[in-house]
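So you can see what is in the structure, the chains are spelled out below.
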Amino acid sequence: MKGKPLASIVSAGLSKFGKLEGLYAREIFAQAAKEAYERCPNLDPKKDIEALFIGHMGESYEHQGHTGATAADWAGLLHIPATRTEAACSSSGVALRTAIYAIASGLCDVVMAGGVEKMTHRSTPEVTEFLAMASDFPFEQWHGITFPGLFALMATAHMHKYGTTETQLAHIAVKNHYNGSLNPKAHMQKEITLEQALSSRVIAWPLKLYDCSLITDGASCLILTRPEIAKKYTDTPVHIIGSGQASDTIGMYEREDFTSLRAAKLAAKQAYEMAGVKPEDIDVAEVHDCFTIAEIIAYEDLGFCKSGEGGRLAENGETTLKGRIPVNTSGGLKAKGHPVGATGTAQAYEIYLQLTEQADKRQVNGAEIGLTHNVGGSGATATVHIYMRG
Amino acid sequence: MKMVELQQSFTIEQFYKGISQKRLVGGKCRRCGKIHVPPRPLCNNCLSTEFEWVELPKTGKLLTYTIIHVAPSQFQSMAPYAVGIVQLENGVKIPGMIKETPLEKIKVGMPLKIEFEECLQTQQWPQWSRYYFKPA
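Residues numbered from 1 in each chain as written. Chains lettered and ligands numbered in written order. Predicted model: local features only at pLDDT ≥ 70, side-chain atom pairs only at ≥ 80, totals over all residues.

**Examining the overall build of chain B**
Counting secondary structure elements, chain B contains one helix and eight strands. If you list the helices and strands of chain B from N to C, you get α-β-β-β-β-β-β-β-β. For 136 residues, the compact-globule estimate of 2.2 N^0.38 gives 14 Å, and the C-alpha radius of gyration of chain B, at 16 Å, lies within 12% of that figure. Considered along the principal axes of its C-alpha atoms, chain B spans approximately 45 × 35 × 30 Å. Put simply, chain B has 136 residues, and 33% of those count as buried. Considering only residue pairs separated by 6 or more positions, chain B has 48% of its internal contacts joining residues 24 or more positions apart. (Helix = DSSP H or I, 4+ residues; strand = E, 2+ residues; numbered from the N terminus. Rg over C-alpha atoms; globule rule 2.2 N^0.38 Å. Buried ≥ 20, exposed ≤ 12 C-beta atoms within 10 Å, placed from the backbone. Contact = placed C-beta atoms within 7 Å.)

Written out as structure tokens, the structure is:
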């Protein structure tokens, strides 16, 4: 028995992901909003959209805070209530969750949830420093642990406990780059080989350049309605039938286990129970592959395989476009790119395309149920959402 | 060296004051016994606000590690360097750099001991001392 829809996606927009020179975050967000408006001619944005929830991680990039009001104005939605959510890389996963609160509470009929980040105009050491702000300052940043470093600590632990290999990690990179090559909005649209991935330079051992997601500019948005009125706007809505969010210690070192993200497991449990579906019911998923090891851990935390078997799932090709459960058909954070604040709703955008048969060359035929998994920092925040074709 | 008493405020600042005196301390909850590193004003296990300082063991074993090649601005001159998470003999886990060993000799499970150092910080960062680990 599938769960009752919490909210329905009636439209979605995504800017081009990549190095968007000469554009400010607000201008990139306007691109995403424009696509969502054009996709939904029955919607009168100025009249219908009652609130905006927008994920944005960092003021440091553009010396600009107060993103809620700014994004609402640039999206042509001046004067609506506009709220920024910040949960590091899960900022717009949380924006989506917050938008669902607004709909499910009965306070709003139509809202926009989205996210944005402009990153590529800053140097790599600067971006490394800004991203590290998602981790604990007094112990992790203070001891020189970078963001890739935190996931490298998980990778070492996973390899030590389960025998996961660097080649298995590289399989994730190869798969996601292939998917990215089919996505005209992806930052990187070229295939790579296992050898290229394995021989790329070390960033935080055992993670190499091709184990890391990209520093990218981009924006994404969704238009959500009460499920009962969704058909007023589109014949092909996508219903959100499960939503989970959980938190954990900001310091990764305090956790019981470094081979799994407890917040992600808790969020997944909530979402599966609410949706009334099981891991084997998922036809397509977008998971948070900020690093290749994170996708392997996601398979295990989401129940796509048992603990410790994520590496083999990747190696056996079960998560490729033609596999048992295609994961990161968009190219993922790895190849589509990871404009931090935009990622959560960009994942939902891909699932929206898949469940409305608009994913073109990367379409998973007949996909009925989709899932997104969005992680903040090293796992102090996680959101999981489950979607069903309307 | 004469030890200066730590104040009875269980804060991160006091923890690093301990480090500057070559002391590794945690805040032990008087109600449930959980040892907090860093110390906290409110126990996240039992919500008590009553703590006492306890000295932590200076040895432990390496649970996991990484070698950082691409470092933030503040650490660029040190790269590549090793950082890991160490479980002290009483079970408390803390992260830190691993020094005084060739990087290729570092292994999960190796015994480590703590060492202290002064460090001069760039602007905007606190003027704290730092601890690190070396082979036991």
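**So, the sheet that holds strand E1 (residues 7–14) of chain A**
All names here are of chain A. If you walk across this open sheet you meet the nine strands as E3-E2-E4-E7-E1-E8-E11-E10-E9, and the pairing is mixed. Each edge of the sheet is formed by a strand with only one pairing partner; in this case those strands are strand E3 (82–85) and strand E9 (284–286). For this sheet the average axis-to-axis angle between neighbouring strands, irrespective of direction, equals 25°. Strand direction decides the pairing type here: strand E8 (residues 238–247) and strand E11 (residues 381–389), joined by nine bridges, are antiparallel. Note on E11: the bridge partner recorded for Gln-245 is Thr-383. Helix H15 (residues 343–355) rests against E1, strand E2 (52–55), strand E4 (110–117), strand E7 (218–225), E8, E9, strand E10 (369–376) and E11 of the sheet, and its axis sits at about 170° to E10. (Pairing = 2+ DSSP bridges. Axes fitted to C-alpha atoms, helices over the stretch in contact; angles between N-to-C directions.)

**Focus: the interface of chain B and chain A**
Each side of the interface is counted separately: chain B has 25 residues, and chain A has 26 residues. In terms of residue class, the side of chain B that touches chain A is built from 18 nonpolar, six polar and one charged. Direction of pairing for strand E5 (residues 202–205) of chain A relative to strand E4 (residues 59–68) of chain B: antiparallel, over a ladder of two bridges. The residue bridging Trp205(A) from the neighbouring strand is Ile67(B), located in E4(B). (Nonpolar A, V, L, I, M, F, W, Y, C, P; charged D, E, K, R; others polar.)

**Topic: the domain arrangement of chain B**
All names here are of chain B. Each assigned domain of chain B is listed with its residue range as follows: domain 1 (12–55) and domain 2 (59–135). Using C-alpha coordinates to define each centre, domain 1 is positioned 21 Å away from domain 2. Opposite the eight residues of domain 1 that make contact, domain 2 presents nine residues. Looking at the side of domain 1 that touches domain 2 element by element, the count peaks at three residues for helix H1 (residues 12–20). Residues that form the side of domain 1 that touches domain 2 fall into these classes: five nonpolar, two polar and one charged. (Domains from an automatic or database assignment.)

**Describing the pairing of E5(A)**
All names here are of chain A. In terms of strand pairing, E5 meets strand E6 (residues 207–208) through two bridges, oriented antiparallel. Paired with Ala-204 across the bridge in E6 is Leu-207. Between the antiparallel neighbours E5 and E6 lie one residue.

**Observations regarding the packing of helix H4 (residues 91–104) of chain A against H15(A)**
All names here are of chain A. H15 packs onto H4 with a crossing angle of 70° between their chain directions and a minimal axis gap of 5 Å. One element, H4, and the other, H15, form an angle in the roughly perpendicular class. Contacts between H4 and H15 pair Ser-91, Ser-92, Gly-93, Ala-95 and Leu-96 from the former with Thr-343, Gly-344, Thr-345 and Ala-348 from the latter. Classifying every residue of the contact of H4 with H15 gives three nonpolar, six polar and no charged. (Parallel < 35°, antiparallel > 145°, perpendicular 65-115°, else oblique.)

**Examining the pairing of strand E5 (residues 81–88) of chain B**
Residue and element names in this part refer to chain B. Counted residue by residue, E5 has seven buried out of eight residues, so it is predominantly covered. Pairing of E5 with strand E6 (residues 93–98) involves six bridges; the strand directions are antiparallel. Each residue of the ladder has a partner; that of Gln-87, found in E6, is Lys-93. Hairpin connection, E5 to E6: the antiparallel pair is bridged by four residues, and Gly-91 has positive phi, about 95°.

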